[in-house]
Amino acid sequence: FRDTDSTRLVEKLTHALGQWNAGESANLALIGASGTCKTRAGFLALRSAHDDGAWCEAISHSKLAELARDSAFGDNAEKARKRMSALERCDVLFIDDIGKPPATERADAEFESLIDTRYANNSPTIWTANSNGAWLASRFGPDRGEPIVRRLAEDALIVTL
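Residues numbered from 1 in each chain as written. Predicted model: local features only at pLDDT ≥ 70, side-chain atom pairs only at ≥ 80, totals over all residues. Heavy atoms only, no water.

Caption draft 1: A look at the packing of aromatic side chains. Tallied over the full model, the rule gives two aromatic pairs. Aromatic side chains Phe 43 and Phe 94 sit 4.9 Å apart centroid to centroid with 90° between the ring planes, which places their arrangement in the edge-to-face category. With Phe 43 in helix H2 (residues 38–51) and Phe 94 in strand S3 (residues 92–96), this pair connects stretches of sequence that are 51 residues apart. The class for Phe 43 is partly exposed, based on a relative accessible area of 29%. By relative accessible area, which is 1% here, Phe 94 ends up buried. Here the basic side chain of Arg 151 rests over the ring of Tyr 119, its NZ or CZ set 5.4 Å away from the ring centre. (Phe/Tyr/Trp six-rings, centres within 6.5 Å; stacked < 30°, edge-to-face > 60°. Helix = DSSP H or I, 4+ residues; strand = E, 2+ residues; numbered from the N terminus. Buried < 20%, exposed > 50% of the residue type's maximum accessible area, 1.4 Å probe, protein only. Lys NZ or Arg CZ within 6 Å of the ring centre and 35° of its normal.)

Structure representation (structure tokens):
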């Protein structure tokens, strides 16, 4: 996605990227079906924040679930915990494909903690999902689904494709 040409994005995404600024905005949510260039637009937004001097990190939700597992078990636990800490502390975080990996208690708890920490610190998060907030809330279950979606959506620029 490094070589994404912004002129090839649909106008709705281009307009949103022009509106969103990591230094002034909260979250940027890009929601829509696969193949609509959400990930490309997310990386362009992240690149813009990086070019403005922000410490930026990116991860897919699937990789985040693996990281959650590794932080609790195995030889890579310390490395995984350091990576989780970086995702919590970075200036701007991009999480791609929220809701895609299978639900596990450990991964969902770590995801909730990450979102809570970033929300509490007013740290912008760029995120993509293939489905809307209602689906995401049901995906994360009755106890954590609605709080996660509320934190991701509050003061967010939400683009639905």
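Caption draft 2: Here's a closer look at the side chain of Ser 71. Note on placement: Ser 71 falls in helix H3 (residues 61–72). Not counting residues within four places of it along the chain, the set of residues in contact with Ser 71 comprises Ala 77, Ala 80, Arg 81, Arg 106 and Glu 110. (Contact = heavy atoms within 4.5 Å.)

Caption draft 3: Structural view of the sheet that holds S3. One open sheet accounts for five strands, arranged S2-S3-S4-S1-S5; its pairing is parallel. Two strands in the sheet have a free side with no partner beyond their single neighbour: strand S2 (56–60) and strand S5 (157–160). Strand-to-strand twist in this sheet, taken as the mean axis angle between neighbours without regard to direction, amounts to 10°. Across four bridges, the pairing between strand S1 (residues 28–31) and S5 is parallel. Within S5, the residue paired with Ala 29 across the bridge is Ile 158. Most of the contacts of helix H5 (residues 105–120) go to S3, to which it runs at about 150°, and overall it touches S3 and strand S4 (125–129). (Pairing = 2+ DSSP bridges. Axes fitted to C-alpha atoms, helices over the stretch in contact; angles between N-to-C directions.)

Caption draft 4: Fine view of the pattern of salt bridges. Considering all chains together, one arrives at 10 salt bridges under this definition. Linking Lys 82 and Glu 78 is a salt bridge whose minimum nitrogen-to-oxygen distance equals 3.5 Å. A residue pair is termed a helical-turn pair when its members lie 3 or 4 positions apart in one helix, as Lys 82 and Glu 78 do in helix H4 (residues 77–89) at four residues. For the pair formed by Lys 82 and Glu 78, the shared burial category is exposed. Between Arg 144 and Glu 112 there is a salt bridge; the shortest N-O distance is 3.0 Å. A residue pair is termed long-range when its members are at least 10 positions apart, and Arg 144 in helix H6 (residues 133–153) and Glu 112 in helix H5 qualify at 32 residues. There is no split in this pair, since Arg 144 and Glu 112 are both buried. Ionic contacts of the salt-bridge type, sharing partners, join the residues Glu 105, Glu 112 and Arg 144 into one network. (Salt bridge = Lys/Arg side-chain N within 4 Å of Asp/Glu carboxyl O.)

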